[in-house]
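Summary of the model geometry
As a plain string of letters, each chain reads:
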Amino acid sequence: MPYILAIESSCDETSAAILTDGKVKSNIISSQLQHSEYGGVIPELASRLHQQQIIRVVNQALKQAEVDKRQLDAVAFTRGPGLLGALLVGTCFAKAYAFGLGIPLIEVNHMQAHVLANFLNPQPPAFPFICLTVSGGHTQLVLVRDYLDMELLGQTIDDAAGEAFDKAAKIMGLPYPGGPHIDRHARQGRRDFYNFPTPEVGAKQFSFSGLKTSMLYLLRKGLQEDPQYIEKHLDDLCASYQYRIVSILLDKLEQAALEQGVAHLAIAGGVSANSELRSRFQQLCQDRGWTAHIPAFEYCTDNAAMSGIAAHYKYLAGEFTDLSAVPFTRGGL
Ligand code: KG4
Ligand code: ZN
């Protein structure tokens, strides 16, 4: 029954969680709202804010879980992918903590952690399943054979789905991160207001940079004719744009499932918090007779509980990390 402290600091959330025997006892998330005034994450600022927050967040996680640090069996941390300076804060803290307590260190791959967030659900997916992982930095189709046995089937060749949301939101004048704002406006809009193009790429590839450019051209043209174009059509623009992103994501997921003959599907990552993606994903699975798995809302965007569940399976498999480990910024699973 391992007691695990997990730390996540790959981007702009400082998070710590305590899991005992794979059950979440606490999951503290401190979001760095300071980036919103710059319209995106400033890496250096992120590192400094992680440094300011990490001790408080870890202590709060222990307190809320009613666990003393001497009860811990391992300390887990996100090794990558992510922002180098941000990852270094969590990595160094975890190393020092584990060393001080004389307990093992466990590195977690952030993309694997997003996938494994599905195992925090009361009814987790059966193996094998395909997970569509959609976040601010990644868009991946992953074949999951076992907890720690994952194969990358395909990914984006340019922007991630979350980036497509955030960049379009920025050019429409919406705050960062834009995904949740587009989601909210889209609920009142018409999806057939504008027919955004579907990119022509390989079957398991994604591309979102063209979509963002077509939004830019549409706005330029609209604003030439009417300076109030964005305000007047914001809901419709959001609905049409979101509809296209979700359609691209689900079409590729459906094709991959048919090709692999897999009947269990999951979504994960920050964009899996999107209401249209969640509902159309469930509808697709219902129509096809597939099982649909979506992490609870709080485990979609970055959080340490998902790192904790990944670390739990690594602990059981005896996969520990040397104190010399350094972060990595890019890469898949
Ligand atoms: O997984 P995550 O928290 O961080 C990364 O690992 O990148 O994902 C953040 C991304 C951002 O791009 C954000 O706009 C997007 O997830 N996001 C959403 C929604 N909530 C978060 N995108 C669309 N609709 C949402 N409701
Ligand atoms: Zn993430």
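Residues numbered from 1 in each chain as written. Chains lettered and ligands numbered in written order. Predicted model: local features only at pLDDT ≥ 70, side-chain atom pairs only at ≥ 80, totals over all residues. Heavy atoms only, no water.

**With respect to the sheet that holds strand 9 (residues 264–268)**
Test applied: Between any two strands, pairing holds if DSSP finds at least two bridges. In DSSP terms, a helix is any run of H or I states spanning at least four residues, a strand is any run of E spanning at least two, and both are numbered starting from the N terminus. Think of each axis as a best-fit line through the C-alpha atoms, taken over the contacting stretch in the case of a helix, with angles from 0 to 180 degrees between the N-to-C directions. Contacts between residues were defined by any pair of non-hydrogen atoms, one from each residue, lying within 4.5 Å.
Reading across from one edge, 8-7-6-9-10 is the order of the five strands in this open sheet, with mixed pairing throughout. Lying at the two open borders of the sheet, with one neighbouring strand each, are strand 8 (149–155) and strand 10 (291–293). Ignoring which end each strand starts from, the neighbouring axes of this sheet average 25° apart. Bridge analysis of strand 9 against strand 10 gives three bridges, and the strand direction is parallel. Along strand 10, the bridge assignment pairs Ala 266 with His 293. Where helix 7 (residues 229–260) meets the sheet, its contacts fall on strand 6 (129–134), strand 7 (139–146), strand 8 and strand 9, and the angle it forms with strand 6 comes to roughly 160°.

**Regarding the site of ligand 1**
Cut-off, in case you're wondering: Working definition: residue near molecule or strand if any one of its non-hydrogen atoms lies within 4 Å of it. The definition of a polar contact used here is a pair of N or O atoms within 3.5 Å, where within protein one atom must be able to donate a hydrogen and the other to accept one, and adjacent residues in sequence count solely through side-chain atom pairs. Where accessible areas are quoted, they stem from the Shrake-Rupley method and a 1.4 Å probe; at the residue level, only the protein chains shown are allowed to cover. Residues are grouped as follows: Ala, Val, Leu, Ile, Met, Phe, Trp, Tyr, Cys and Pro are nonpolar; Asp, Glu, Lys and Arg are charged; all remaining types, including Gly, are polar. Note that the domain bounds reflect an automated or database-derived domain assignment.
Around ligand 1, 18 residues are found, and the nearest of them are Gly 136, Asp 166, Asp 183, Asn 274 and Asp 302. Asp 183 places a polar side-chain atom, nitrogen or oxygen, 2.9 Å from a nitrogen atom of ligand 1. Residue Asn 274 places a side-chain N or O atom 3.0 Å away from a nitrogen atom belonging to ligand 1. Look at ligand 1: alone it shows 560 Å² of surface, and the protein chains cover 89% of it. Listing elements by their share of the shell around ligand 1, those giving two or more residues are helix 3 (110–116), helix 4 (161–171) and helix 5 (179–186). Grouping the amino acids of the shell around ligand 1 by side-chain chemistry returns five nonpolar, ten polar and three charged. The two domains that each donate at least three residues to the shell around ligand 1 are domain 1 (3–115 + 301–316) and domain 2 (123–294).

**Section: the coordination of the zinc ion (ligand 2)**
Put simply, the rule is: For Na, K and Ca the donor cutoff is 3.2 Å, while for all other metals N, O and S atoms count as donors only within 2.8 Å; water does not appear among the atoms, so some sites may look incomplete. When four donors show all angles between 85 and 135 degrees the site is tetrahedral, when four or six donors have opposite pairs over 155 degrees and all other angles between 65 and 115 it is square planar or octahedral respectively, and in every other case it is irregular.
Note on the zinc ion (ligand 2): its protein donors are His 110 (NE2), His 114 (NE2) and Asp 302 (OD). The metal-donor distances range over 2.0 to 2.1 Å. Considering all four donor atoms around the zinc ion (ligand 2), the spread of angles at the metal, 91 to 141°, places the coordination shape in the irregular class. In the primary structure, the donors to the zinc ion (ligand 2) are separated according to the pattern H-x3-H-x187-D. Placement of both His 110 and His 114 in helix 3 is noted, with a separation of four residues, approximately one turn of the helix.

**With respect to the pairing of strand 2 (residues 13–20)**
To keep things clear, this is the line we draw: Burial classes follow relative accessibility: with a 1.4 Å probe on protein chains only, a residue under 20% of its type's maximum area counts as buried, one over 50% as exposed, and anything between as partly exposed.
With respect to burial, strand 2 is a largely interior element, eight of its eight residues being buried. Burial along strand 2 is two-sided: the face carrying Glu 13, Ser 15, Ala 17 and Leu 19 and the face carrying Thr 14, Ala 16, Ile 18 and Thr 20 are both buried. Summarising the sheet, strand 1 (residues 3–8) and strand 2 pair through six bridges and their orientation is antiparallel. The residue bridging Ile 7 from the neighbouring strand is Ala 16, located in strand 2. Connecting the antiparallel pair strand 1 and strand 2 is a turn made up of four residues. Of the strand pairs in this sheet, strand 2 and strand 3 (residues 23–31) are connected by eight bridges, and their pairing is antiparallel. Its bridge partner being in strand 3, Ile 18 is matched across the sheet by Ser 26.

**A closer look at the domain arrangement of the protein chain**
Inclusion rule: Summed over both partners, buried area is the accessible surface (1.4 Å probe) that two parts give up on being assembled. Counted as salt bridges are all cases of a side-chain nitrogen of Lys or Arg within 4 Å of a carboxyl oxygen of Asp or Glu.
Under the domain assignment, the protein chain is made up of domain 1 (3–115 + 301–316) and domain 2 (123–294). When each unit is reduced to the centre of its C-alpha atoms, the spacing between domain 1 and domain 2 is 27 Å. In this complex, domain 1 contributes 15 residues to the contact, which on the side of domain 2 involves 15 residues. Taking both partners together, domain 1 and domain 2 bury about 1300 Å²; carbon and sulfur atoms supply 74% of that area. Across the contact surface, domain 1 and domain 2 share zero salt bridges. Scanning the region where domain 1 abuts domain 2 turns up zero residue pairs in polar contact (both at pLDDT 80 or more). Every element with two or more residues in the side of domain 1 that touches domain 2 is listed here: helix 3 and helix 9 (304–317). Counting residues per element, the side of domain 1 that touches domain 2 draws most heavily on helix 3, at four residues.

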